[in-house]
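# Structure assessment
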Amino acid sequence: LKEKLAFVNIYTYIHTKQEKMSEFKINTVLVTGSNRGLGFEFVQQFVNRENPPETIFATCRDPEGARSQELKKFSEKHENVIVIRLDSTDSASINATVKQVEKHLNGKNLDLLINNAGVLNPQSLETQTAEDMLQVYNINVVGPMLVTQAFHHLLKRYGEESNAKSAIIHISSLLGSIEGVPKMFSSFPVISYRCSKAALNMLACCHAVGYKQDGIISLAIHPGWVRTDMGGSQALLSKEESVGEIMKIISSLNETQSGTFVDYKGIHTPW
Ligand code: NDP
């Protein structure tokens, strides 16, 4: 009996340790474009987690605007949700946000950054203009680049913490997959959007390699085709389903996923 008990104890110890090791712990998270669509859904699902983060920085470019009122009301009911202004294309706005986040964190790390803000303008090869191409690139690529650069020091792990990990999730799109172009081009040409998300995937990879020694995981995730203002009412997934699945990926994030492009189910997606 003694031997049996010892075996059970060792088994439970190893099992719990493995579970603990495989769980990606999030005490602090920042989401861009969190006033509506997938961004707001991320904030709500973080709050409703079994172990919610201590602080959720819910950023959006116009917290006082009509489109942010639902988020503001939600934050009034949940003290771990901090709404902060962040226009991801404006360096001054980003720097001001960093200062506020630093104050709240008070020496703690930022565990997770979700670069979610994005735009889609439906342009074909015939209608695509330089102006639109630059505007979409600015929001979908330059924005995540600037935001990540500005928050890098808070994501970075130092010295004895080197086993702990932080992560950057870039919300990308299957429409940015170069191998996927022949399948969906005629239905969704969206030139500027496709090019910007392909570039975002490259950025996610650069972050994965360049920030590896800082204990930072970086990956690109396609959320599926989701019913939001951007995805439209015909889309296949609800926000709850899409973000619910991405939450599962987040819970078990580890280094092996860094530098990959996966869909909301965690399935590898061709570049
Ligand atoms: P929505 O159009 O519903 O929301 C977009 C969000 O991005 C809004 O909060 C918007 O803020 C914000 N935003 C836009 N520009 C900026 C900026 N310069 N600074 C800060 N925030 C900004 O889109 P979704 O929720 O559907 O999309 C979220 C992400 O998911 C995007 O990156 C999108 O490309 C990606 N995606 C979505 C799919 C879908 O089917 N829905 C499919 C594949 C990818 P504001 O209210 O101020 O405009």
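Let us look at the structure shown here.

Let us look at the site of the ligand. If you check the shell around the ligand, you find 30 residues, and the closest are Asn35, Arg36, Asn116, Tyr193 and Thr228. The side chain of Asp87 places a nitrogen or oxygen atom 3.1 Å from a nitrogen atom of the ligand. For the ligand, an oxygen atom lies 2.7 Å from a polar atom in the backbone of Asn116. Protein contact buries 96% of the 900 Å² of open area that the ligand shows by itself. By residue class, the composition of the shell around the ligand is 11 nonpolar, 13 polar and six charged.

With that settled, consider the nonpolar core. Counting 34 residues, the largest nonpolar core has Phe42, Phe46, Leu112, Ile114 and Ile250 as the members making the most contacts within it. Those elements giving two or more residues to this core turn out to be strand 1 (28-31), helix 2 (37-47), strand 2 (55-60), helix 3 (69-77), strand 4 (112-115), strand 5 (166-171), strand 6 (216-222) and helix 8 (239-251). Ranked by residue count, the leading element in this core is helix 2, at six residues. If we ignore the near neighbours within four places in the chain, the residues touching Ile250 are Phe24, Ile26, Phe42, Phe46, Arg49, Leu112, Ile114 and Ile169. Residues Leu146, Leu155, Ile168 and Ile216 belong to the second largest nonpolar core, which totals 20 residues.

So, on to helix 4 (residues 91-105). An ideal rise of 1.5 Å per residue puts 21 Å on 15 residues; helix 4 measures up with 21 Å between its terminal C-alpha atoms. Listed as buried for helix 4 are Ser93, Ile94, Thr97, Val98, Val101 and Leu105. Within helix 4, the buried residues cover an arc of 140° as seen down the axis, which keeps them to one side. Among the exposed residues of helix 4, those oriented more than 90 degrees off its buried face are Ala92, Lys99 and Lys103. Each element contacted by the buried residues of helix 4 is listed here: strand 1, strand 2, strand 3 (81-85) and helix 5 (130-155). Backbone nitrogen of Ala92 and a side-chain oxygen of the N-cap are separated by 3.1 Å at the start of helix 4; the cap is Asp90.

Reading across from one edge, 3-2-1-4-5-6-7 is the order of the seven strands in this open sheet, with parallel pairing throughout. The open sheet has two edge strands with one neighbour each: strand 3 and strand 7 (261-263). Averaged over neighbouring strand pairs, the angle between their axes works out to 20° when direction is ignored. Strand direction decides the pairing type here: strand 2 and strand 3, joined by five bridges, are parallel. Bridging across to strand 3, Thr59 finds its partner in Ile84. Strands in contact with helix 4 are strand 1, strand 2 and strand 3; relative to strand 3, the strand with the most contacts, it is inclined by about 155°.

The rules we used
- Residues numbered from 1 in each chain as written.
- Predicted model: local features only at pLDDT ≥ 70, side-chain atom pairs only at ≥ 80, totals over all residues.
- Heavy atoms only, no water.
- Near = heavy atom within 4 Å.
- Polar contact = N/O pair within 3.5 Å; in protein donor to acceptor, adjacent residues only side chain to side chain.
- Areas by Shrake-Rupley, 256 points an atom, 1.4 Å probe, with all protein chains shown as cover.
- Nonpolar A, V, L, I, M, F, W, Y, C, P; charged D, E, K, R; others polar.
- Core = buried A, V, L, I, M, F, W, Y, C linked by side-chain atoms within 4.5 Å.
- Buried < 20%, exposed > 50% of the residue type's maximum accessible area, 1.4 Å probe, protein only.
- Helix = DSSP H or I, 4+ residues; strand = E, 2+ residues; numbered from the N terminus.
- Contact = heavy atoms within 4.5 Å.
- Expected span 1.5 Å × (residues − 1).
- Arc of directions from axis to C-beta.
- Pairing = 2+ DSSP bridges.
- Axes fitted to C-alpha atoms, helices over the stretch in contact; angles between N-to-C directions.

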